[in-house]
Amino acid sequence: MAFESKIKTIEWTDNISRMIDQRILPYEFKTVDVKTADEMYTAIKDMIVRGAPAIGIAGAHGVSLAAIELSKKINEKSVFLNELQKKAEYLKSSRPTAVNLMWGVDKQMKLARSISGSISDIAESLKENGIKLENEDIEINKKMGDFGAEVVPKGAAILTHCNAGALATVGYGTALGVIRSAYAKDPTIKVFADETRPRQQGARLTTWELTQDGIPTTLITDGMCSYFMSKGMIDMVVVGADRIAANGDTANKIGTFTVAIAAKYHNIPFYIAAPLSTIDISIQSGKEIPIEERSHEEVTHINGDWICAKDVNIINPGFDVTPNELITGIITEKGILKPDFKTSIFNAFKNN
Ligand code: MRU
């Protein structure tokens, strides 16, 4: 049975948002019930839920939770909408880089403002829409998987970075969705998963997901990619994205840019797999993408233990931006966008 059919990464059920606790995988499998918008802010910030599409859905659920809370204490619709907007802004401030978070929250707020009925009608519509977005996410990933599988060579060894899998979405995954679809057609493909320091999403989450599906996976550390590329052991790279600018520049987990440079040097195709909700057409280039600076403890500690001198300086950006000229194609639910990305992205949105 495919991994995605067993459990959703995030799911609305009985007026709560239930999510897999990704902080403790692969050691323990537990779910967390998020009951308020403030709890959702913390769940996103602390990375109980992480990965761009998954936090987009978390943001949408967060607005539904806020609407339920506010509907119990506010009778005046304009006051309710104002307070809901404040909660929406708070949710959006939980993490800055993945634009899917802003997309999910803004989609809900647009809906809330469009409803002519009562406050409880608004709360009900937001709940329904959150569930709809949740289900659409899986369908979108499967479409991306189908498009992406077409460019995977027979028997390919595919390198991926971070976790752009079922755990980073509601289910199936973006980059790992492409790998799942390719594997369904050709069980001779295999995966190289970068460990992804400092939080080790590749080691902890990607290997956990892929081995459950029986997809042959080799874990490597981040510095090893050029070595394996130079040995002819990697045929293509597929990674996810947190925000793509209108010119195709792509923010993804720190270390992605290095992989893209190595792929270019070795003449290996480098693909991004991401839904249109990850593309921010309001910004012209990657220079405008805000990069999250994360806790220094992620670098100084592993599993709670110090791994370096205590007075060393630390900088910990969570993401980097891969310039569009290093990208072979962007796999979306509308097909594979090719350079020049300014034009192909514009056309994808024109018909959306
Ligand atoms: O900090 P994270 O774990 O939320 O970062 C996740 C990534 O960078 C993923 O590659 C990206 O969100 C794409 S997920 C389909």
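An account of the accompanying structure is given in this report. (Residues numbered from 1 in each chain as written. Predicted model: local features only at pLDDT ≥ 70, side-chain atom pairs only at ≥ 80, totals over all residues. Heavy atoms only, no water.)

1. Digging into the packing of helix H2 (residues 52-71) against helix H4 (residues 99-114)
Where we set the bar: Note on geometry: axes are lines fitted to C-alpha atoms, helical ones only across the stretch in contact, with angles between N-to-C directions running from 0 to 180 degrees. Secondary structure follows DSSP: runs of H or I at least 4 residues long count as helices, runs of E at least 2 residues long count as strands, and numbering of each begins at the N terminus. Convention used here: angles under 35 degrees read as roughly parallel, angles over 145 as roughly antiparallel, angles from 65 to 115 as roughly perpendicular, and any remaining angle as oblique. Handedness of a crossing follows from how the near helix is turned relative to the far one, being left-handed for an anticlockwise turn of less than a right angle and right-handed for a clockwise one. Contact between two residues is taken to exist if any of their heavy atoms lie within 4.5 Å; hydrogens are not considered. Under the scheme applied, nonpolar residues are Ala, Val, Leu, Ile, Met, Phe, Trp, Tyr, Cys and Pro; charged residues are Asp, Glu, Lys and Arg; polar residues are all the others, including Gly.
Two elements in contact, H2 and H4, have axes separated by 7 Å at closest approach and are oriented at 30°. By the angle between their directions, the pair H2 and H4 is classed as roughly parallel. Crossing hand, H2 versus H4: right-handed. Across the interface between the two elements, Ala-52, Pro-53, Ile-55, Gly-56, Gly-59, Ala-60, Val-63 and Ser-64 from H2 touch Asn-100, Leu-101, Gly-104, Val-105, Gln-108 and Met-109 from H4. Its residues placed into classes, the contact of H2 with H4 shows eight nonpolar, six polar and no charged.

2. Considering the packing of aromatic side chains
Given two aromatic rings, their pairing is described by the distance between the two centres and the angle made by the two planes. To be explicit about the condition: Pairing of aromatic side chains requires ring centres within 6.5 Å, counting the rings of Phe and Tyr and the six-membered ring of Trp. Pairs whose planes differ by under 30 degrees are stacked, by over 60 edge-to-face, and all others tilted. Exposed residues in this analysis have more than 50% of their type's maximum accessible area, buried residues have under 20%, and partly exposed residues fall in between, with area computed by a 1.4 Å probe over protein chains only.
Tallied over the full model, the rule gives four aromatic pairs. Ring centres 6.0 Å apart and planes at 15° place the aromatic pair Phe-29 and Trp-208 in the stacked group. With Phe-29 in the loop between strand E2 (16-20) and strand E3 (31-34) and Trp-208 in helix H7 (residues 201-212), this residue pair connects regions lying 179 residues apart in the sequence. The exposure class assigned to Trp-208 is buried, which follows from its relative accessible area of 17%.

3. Description of the sheet that holds strand E8 (residues 243-245)
Our working rule: Two strands are said to pair when DSSP picks up at least two bridges between them.
Strand order in the open sheet made by the four strands is E11-E8-E9-E14, with mixed pairing throughout. Each end of this open sheet is capped by a strand with a single partner; those strands are strand E11 (279-280) and strand E14 (319-322). As judged from the two bridges shared by E8 and E11, these two strands associate in the parallel manner. Bridging across to E11, Ala-245 finds its partner in Asp-280.

4. Digging into the environment of Gly-329
With respect to the element layout, Gly-329 can be found in strand E15 (residues 329-332). The spacing of Gly-329 and Pro-269 is 60 residues in sequence and 8.4 Å in space, taken between C-alpha atoms. Setting aside residues up to four positions removed in sequence, Gly-329 forms contacts with Phe-270, Tyr-271, Ile-272, Ile-336, Leu-337 and Phe-341.

5. As for the side chain of Asn-252
Structurally, Asn-252 can be placed in strand E9 (residues 250-253). Setting aside residues no more than four positions away along its own chain, Asn-252 makes contact with Val-239, Gly-240, Ala-241, Asp-242, Phe-319 and Asp-320.

6. Re the sheet that holds strand E1 (residues 10-13)
Pairing between the strands of a sheet comes from backbone hydrogen bonds, and it takes one of two forms, parallel or antiparallel. Ordered by their spatial adjacency, three strands build an open sheet running E1-E2-E3, and the pairing between neighbours is antiparallel. Bordering the open sheet on either side are E1 and E3, each of which pairs with just one other strand. Each neighbouring strand pair of the sheet contributes to a mean axis angle of 25°, computed without reference to strand direction. Bridge analysis of E1 against E2 gives four bridges, and the strand direction is antiparallel. Within E2, the position partnered with Ile-10 by the bridge is Met-19.

7. Remarks on unusual backbone geometry
Between Leu-25 and the following residue, Pro-26, the backbone shows a cis peptide bond with an omega angle of 5°. By the element assignment, Pro-26 lies in the loop between E2 and E3. Here the amide bond leading from Arg-197 into Pro-198 is cis, since omega sits at 5°, within 30 degrees of zero. Mapped onto the elements of the fold, Pro-198 is located in the loop between strand E5 (190-194) and H7. With a phi close to 65°, Cys-162 is a non-glycine residue in the positive phi region.

8. Observations concerning the site of the ligand
Using the following cut-off: By convention in these notes, a residue is near a molecule or strand provided one of its non-hydrogen atoms lies within 4 Å of it. In protein, a polar contact means a hydrogen-donor-capable atom and an acceptor-capable atom, both N or O and within 3.5 Å, with residues adjacent in sequence counting only if both atoms are side-chain atoms; elsewhere, any N or O pair within 3.5 Å suffices. What sets the accessible areas is the Shrake-Rupley method with a 1.4 Å probe; for residues, cover comes only from the shown protein chains. Start and end positions for the domains come from either an automated domain assignment or a database one.
Contacts to the ligand come from 18 residues, most closely from Arg-50, Arg-95, Asp-242, Asn-252 and Lys-253. A distance of 2.8 Å separates an oxygen atom of the ligand from a polar side-chain atom of Arg-50. Out of a free accessible area of 410 Å², the ligand has 99% covered by protein chains. At the level of secondary structure, the elements contributing two or more residues to the shell around the ligand comprise H2 and E9. A breakdown of the residues in the shell around the ligand according to their chemical character gives eight nonpolar, six polar and four charged. The residues that make up the shell around the ligand include at least three from each of domain 1 (10-140) and domain 2 (142-350).

9. Concerning the packing of helix H3 (residues 77-92) against helix H5 (residues 119-149)
Running from amino to carboxyl end, H3 crosses H5 at an angle of 35°, the nearest separation of the two axes being 10 Å. Here H3 contributes Lys-77, Phe-80, Leu-81 and Leu-84 to the contact with H5, which in turn contributes Ile-119, Ile-122 and Leu-126. Class assignment of the residues belonging to the contact of H3 with H5 gives a composition of six nonpolar, no polar and one charged.

10. Overview of the state of the cysteines
We count it as follows: What counts as a disulfide here is a pair of cysteine sulfur atoms lying within 2.5 Å.
Under the definition given, this model contains zero disulfides. Here Cys-162 is not cross-linked by a disulfide; its sulfur's nearest cysteine counterpart is in Cys-225, at 15 Å.

11. Things to note about helix H9 (residues 256-265)
Residue pairs spaced three or four apart in an α-helix point in one direction, given the helix's 3.6 residues per turn. Going by this rule: Taken from the helix axis, the directions to the C-beta atoms give the arc we talk about.
Of all the residues in H9, the buried ones are Thr-256, Val-259, Ala-260, Ala-262 and Ala-263. Buried residues of H9, viewed axially, fall in a sector of 165°; they line one side. Among the exposed residues of H9, those pointing more than 90 degrees away from its buried face are Thr-258, Lys-264 and Tyr-265. Positioned one or two residues after H9, Asn-267 has a phi angle of 60°, which is positive.

12. Here we look at the side chain of Lys-8
Topologically, Lys-8 is positioned in the segment before E1. Looking at Lys-8, its side chain comes within polar contact range of the side chain of Glu-134, at 2.9 Å. With residues near it in sequence (within four places) discarded, Lys-8 still touches Ile-20, Glu-134, Asn-135, Ile-138 and Val-170.

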